[in-house]
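Each chain, written out:
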Amino acid sequence: MQKAITRGPSFAGRPAGLRPGWLAAGVLAVLVALVAGVSLGPVSLPPGSVAAELLNLLPGVRLDSGLTEREIAIVTELRLPRVVLGLLVGGLLALAGGCYQGVFRNPLADPYLLGVAAGAGLAVTAVMALGAGAGGALTGLPVTVPLAAFVGSLGAVAMTYVIGAAGGPGRSTAALILAGVAVSAFLSAGQTYLLQRNSDTIQQVYSWLLGRLATAGWHDVRMVLPYFLLTAVVVLAHRRELDVLSVGDDEATGLGLHPQRSRYLLIAAASLGTAAAVSASGLIGFVGIIVPHTVRLLAGASYRVILPLSLLFGGAFLALTDVVARTAAAPTEIPIGVVTALLGGPFFVLVLRNSRRTLT
Amino acid sequence: MSARSSAEGSPLPSSAEGSPLPSSAEAPPPSAGGSPPAVEVRGLHVRLDGAPILAGVDLSVAPGEWVTVIGPNGAGKSTLLRAVGGLLPAPGAISLFGTPSEALRRRDRARVVATVAQSPVVPAGMAVFDYVLLGRTPYIPALGRESAADLAAVREVLDRLDLDGFAHRELATLSGGERQRVFLARALAQGATLLLLDEPTSALDIGHQQEVLELVDQLRREHGLTVLATMHDLSVAGEYADRMVLLAAGRVAAAGPPREVLTEELLARHYRASVRVLPGERGPLVVPVRRP
């Protein structure tokens, strides 16, 4: 029947892939977030001038933005690093969330719910507390904090995975997330204990914990950038493999893959990205749930679509959330982790309801 | 009994990158000396969690043949298929087309054997075209993307199985019979000449069972495929298989043409079932009857 209409070579089946329109939308979202993030704040700057000033940063471009020296300094030294860090951290968290969801075949997987962020948080707290004791020599090194965060996040995800898998091969969605919750609680308790024992660092750790982009400078961007690139390259290179993994390990093996090998590699990459994000900006939750699921809903369920778009929209999302965090209750700033949690909580309930219908 | 006329297929997929559906006309004629069996299992022992599941199974499937494994629940049918498909380690026990299974790299094995699991995972939101394209994974470079040949192969399989109208439908929205055709399409897209079907009809009503099995038989004859299946419905199994293997408690209890395996005596002993076996046109018909 249908054969008569669409048959033979003219039949235009094509695979799910990233449509150019969506890619353009993602890039546009990043640019909008960039200009909005730099323009809005205690001193509002005209977006056109800001855009011109941003273009001036490109080699060989010389536009007259009409901004004063002081305003230019606000743009390039204060706001731009903060917005760029927001883009990097948001992109990493969303990418890691999408990656965990694919690797664990679990729609609720997220750097925070799996305990990955708590592991990184505990490790960073430990380094800060011990570092303060050692006269700051330890935390002075640029790699100490991300490295500690990475070790902490890998340890946490390993614990969650082992506990969640203890129920047998038919690991359920709920078991893994419950394991993540237990691991998070355990690690947070450890963190609280450390803080209590080292009350002199409590202020420093606390402001970091709630998520901060406020104090971001170019050195934070430089610290995150290599981890961002590494994570993005590894995860995006495996986006097709994540689609194959979605049919289960047996079938993926039958199709010639080594599912467990891919899984370990991708968990390491996503945890590295999470660790870098946490060490730069503290605990900012729910980005890894909100962004990949919205992308999945709007642009398609293939990881070839979800992962690159999560990177772009995740960055834009966090940079714009940061605008809300610093303008909604001006002149005080709301911690950005509070804003994402306020948005993410209800969203999580939606995902939970939806996944119960389609994915159990 | 189903015809074996053109059943001697090519011993290996016709080409690595090419058509997923080699025509049996291109296949070499059966050589006088006999090509190596598509599947050769010798003394296969499998223990899972310490419990013996298979205890010395021997099995040989000729290229182009349809062999169906039957047996009561827990007899080890699925385990046997998993071992043949390379999902369980079975060093030294299994050869595929004359090559020891463990000597094949995973990707190479995936070009030779395709499995349709008993109830395959249906990924949420995945379209039929993308699902069938997964079958081309063994031909796509590890971190690369599909080639035009892969897309052409998928279109060819979809067209062959009358699925092109479904290409952009979500797999999860299809009916059981349609899904089973899609699972088969994915396996065919692998370009493998050996199909392992684990309970291919267990989720289907009687009409769709016949439709799917007729399709498999037709594909087998047209393209020289070899089929190793497990099935629960004995009459249906007997009508399509060239040979049957009765597995009981991890051992081969009987093997041969359906009329030699589907006997009242064997079924009573190994299934503890009370049945009448009636002669049918294409195979014995097994009818359960209440004990007197």
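**Remarks on the overall build of chain B**
Within chain B one finds 9 helices and 12 strands. Considering chain B as a whole, with its 292 residues, one finds that 52% of them fall into the buried category. In chain B, the share of contacts with a sequence separation of at least 24, taken over all contacts with a separation of at least 6, comes to 67%. When the accessible surface of chain B is split by element, carbon and sulfur atoms take 53% of a total near 11,900 Å².

**Some words on the sheet that holds strand β4 (residues 94-96) of chain B**
All names here are of chain B. As summarised here, the arrangement of the 4 strands in space is β2-β1-β4-β5, forming an open sheet in which the pairing is antiparallel. On the outer flanks of this sheet lie β2 (51-61) and β5 (99-100), each paired with one strand and no other. Running at roughly 120° to strand β1 (residues 39-48), helix α1 (residues 77-84) makes contact with β1, β2 and β4 of the sheet.

**Points about the nonpolar core**
Within the largest apolar cluster, 148 residues are counted, with the highest numbers of intra-cluster contacts made by Tyr100 and Phe104 of chain A. Considering every element that reaches this core, the biggest residue donor is helix α4 (residues 69-103) of chain A, with 16 residues. For tyrosine 100 of chain A, the residues in contact, after removing those within four places along its chain, are Arg105, Ala109, Asp110, Pro111, Leu114, Val116, Val157, Ile267, Ala270, Ser271 and Thr274 of chain A. Val41, Val84, Leu96 and Val245 of chain B belong to the second largest nonpolar core, which has 30 residues in total.

**Side note on the sheet that holds strand β9 (residues 243-248) of chain B**
Residues and elements named next belong to chain B. The 6 strands are arranged β6-β7-β8-β3-β9-β10 in an open sheet whose pairing can be described as mixed. In this open sheet, the two edge strands, each paired with only one partner strand, are β6 (113-116) and β10 (251-256). Between one strand and the next, the sheet's axes are offset by a mean angle of 15°, whatever the strand orientation. Summarising the sheet, β9 and β10 pair through 5 bridges and their orientation is antiparallel. Within the sheet, the bridge partner assigned to alanine 248 lies in β10 and is arginine 251. Here helix α9 (residues 264-271) sits on the sheet in contact with β3 (66-70), β9 and β10, set at roughly 30° to β9.

**What about unusual backbone geometry?**
All names here are of chain B. The phi dihedral of phenylalanine 97 falls on the positive side, at around 50°, and the residue is not glycine. Among the structural elements, phenylalanine 97 can be located in the loop between β4 and β5. Here phenylalanine 97 falls in the buried class, since its relative accessible area comes to 6%. Of note, the phi angle at aspartate 162 is positive, near 55°, even though the residue is not glycine. Mapped onto the secondary structure, aspartate 162 falls in the loop between α4 (148-160) and α5 (176-189).

**Things to note about the side chain of threonine 253 of chain A**
Secondary-structure assignment places threonine 253 of chain A in helix α12 (residues 249-254). What makes threonine 253 of chain A buried here is its relative accessible area of 15%.

**Points about the packing of aromatic side chains**
Summed over the entire model, instances satisfying the criterion amount to 6 aromatic pairs over all chains. With a centroid separation of 6.4 Å and an interplanar angle of 75°, the aromatic rings of tryptophan 22 of chain A and phenylalanine 313 of chain A are classed as edge-to-face. With tryptophan 22 of chain A in helix α2 (residues 20-39) and phenylalanine 313 of chain A in helix α15 (residues 303-327), the pair connects residues that are 291 residues apart, well separated along the chain. Look at phenylalanine 313 of chain A and you get partly exposed, because its relative accessible area is 21%. Pairwise contacts between aromatic rings join Tyr100, Phe104 and Tyr161 of chain A into one cluster. In this arrangement the basic side chain of arginine 136 of chain B is found over the ring face of tyrosine 139 of chain B, its NZ or CZ atom lying 4.1 Å from the centre.

**Observations concerning the pattern of salt bridges**
When their charged atoms lie close together, side chains carrying opposite charge are able to pair. Tallied over the entire structure, the rule returns 20 salt bridges over all chains. Close ionic contact of arginine 181 of chain B with glutamate 211 of chain B constitutes a salt bridge, the shortest N to O distance being 3.4 Å. Here glutamate 211 of chain B lies in helix α6 (residues 206-223) and arginine 181 of chain B lies in helix α5, a separation of 30 residues in the sequence. Arginine 181 of chain B sits in the buried class, given a relative accessible area of 14%. When its relative accessible area of 39% is taken as the criterion, glutamate 211 of chain B is described as partly exposed. Among the ionic pairs, aspartate 217 of chain B bridges to arginine 220 of chain B, the shortest N-O distance being 2.9 Å. Taken together, the positions of aspartate 217 of chain B and arginine 220 of chain B, both in helix α6 and 3 residues apart, correspond to about one turn of that helix. Each of Arg82, Asp322, Arg326 and Glu333 of chain A takes part in salt bridges that share partners, so that together they form one network.

**What about the confidence of the model for chain A?**
Taken over all residues, the pLDDT of chain A has a mean of 83, while the share at 70 or more is 88%. Residue range residues 1-10 of chain A is modelled with pLDDT below 50. Its contacts to residues more than four positions away, or to other chains, number 9 contacts.

**Description of the pairing of β3 of chain B**
All names here are of chain B. Of all 5 residues making up β3, 5 are buried, and the element is well covered by its neighbours. Residue alternation in β3 divides its side chains into two sets, Trp66, Thr68 and Ile70 and Val67 and Val69, and both sets are buried. Alignment of β3 against strand β8 (residues 226-230), held across 4 bridges, turns out to be parallel. Each residue of the ladder has a partner; that of threonine 68, found in β8, is alanine 229. Here β3 runs beside β9; their pairing, made up of 4 bridges, is parallel. Its bridge partner being in β9, isoleucine 70 is matched across the sheet by leucine 246.

**Re helix α10 (residues 218-237) of chain A**
All names here are of chain A. If you check α10, its first and last C-alpha atoms are 28 Å apart, about what 20 residues at 1.5 Å a residue would give, namely 28 Å. Along α10, the helix axis deviates most sharply at valine 224, where the bend reaches about 30°; the proline proline 226 sits within four residues downstream. Within α10 the residues assigned to the buried category are Asp220, Val221, Met223, Val224, Tyr227, Phe228, Thr231, Ala232, Val235 and Leu236. In this structure, the buried residues of α10 make contact with α4, α7 (144-165), α11 (239-245), α13 (259-281) and α15.

**Comments concerning the interface of chain B and chain A**
The interface of chain B with chain A comprises 38 residues on the first partner and 32 residues on the second. Along the contact surface separating chain B from chain A lie 3 salt bridges. Arginine 186 of chain B serves as the salt-bridge partner of glutamate 251 of chain A, at 2.3 Å between the closest nitrogen and oxygen. Taken together, chain B and chain A are joined by 7 residue pairs in polar contact (both at pLDDT 80 or more). Within the residue set of the side of chain B that touches chain A, elements represented by two or more residues are α2 (106-112), α3 (128-134) and α4 of chain B. Counting residues per element, the side of chain B that touches chain A draws most heavily on α3 of chain B, at 5 residues. When the residues that make up the side of chain B that touches chain A are grouped by side-chain class, the tally is 20 nonpolar, 7 polar and 11 charged.

About the thresholds
Residues numbered from 1 in each chain as written. Chains lettered and ligands numbered in written order. Predicted model: local features only at pLDDT ≥ 70, side-chain atom pairs only at ≥ 80, totals over all residues. Heavy atoms only, no water. Helix = DSSP H or I, 4+ residues; strand = E, 2+ residues; numbered from the N terminus. Buried < 20%, exposed > 50% of the residue type's maximum accessible area, 1.4 Å probe, protein only. Contact = heavy atoms within 4.5 Å. Areas by Shrake-Rupley, 256 points an atom, 1.4 Å probe, with all protein chains shown as cover. Pairing = 2+ DSSP bridges. Axes fitted to C-alpha atoms, helices over the stretch in contact; angles between N-to-C directions. Core = buried A, V, L, I, M, F, W, Y, C linked by side-chain atoms within 4.5 Å. Phe/Tyr/Trp six-rings, centres within 6.5 Å; stacked < 30°, edge-to-face > 60°. Lys NZ or Arg CZ within 6 Å of the ring centre and 35° of its normal. Salt bridge = Lys/Arg side-chain N within 4 Å of Asp/Glu carboxyl O. pLDDT = per-residue confidence, 0-100. Expected span 1.5 Å × (residues − 1). Bend = angle between axes of the 7 residues up to and from the residue. Polar contact = N/O pair within 3.5 Å; in protein donor to acceptor, adjacent residues only side chain to side chain. Nonpolar A, V, L, I, M, F, W, Y, C, P; charged D, E, K, R; others polar.

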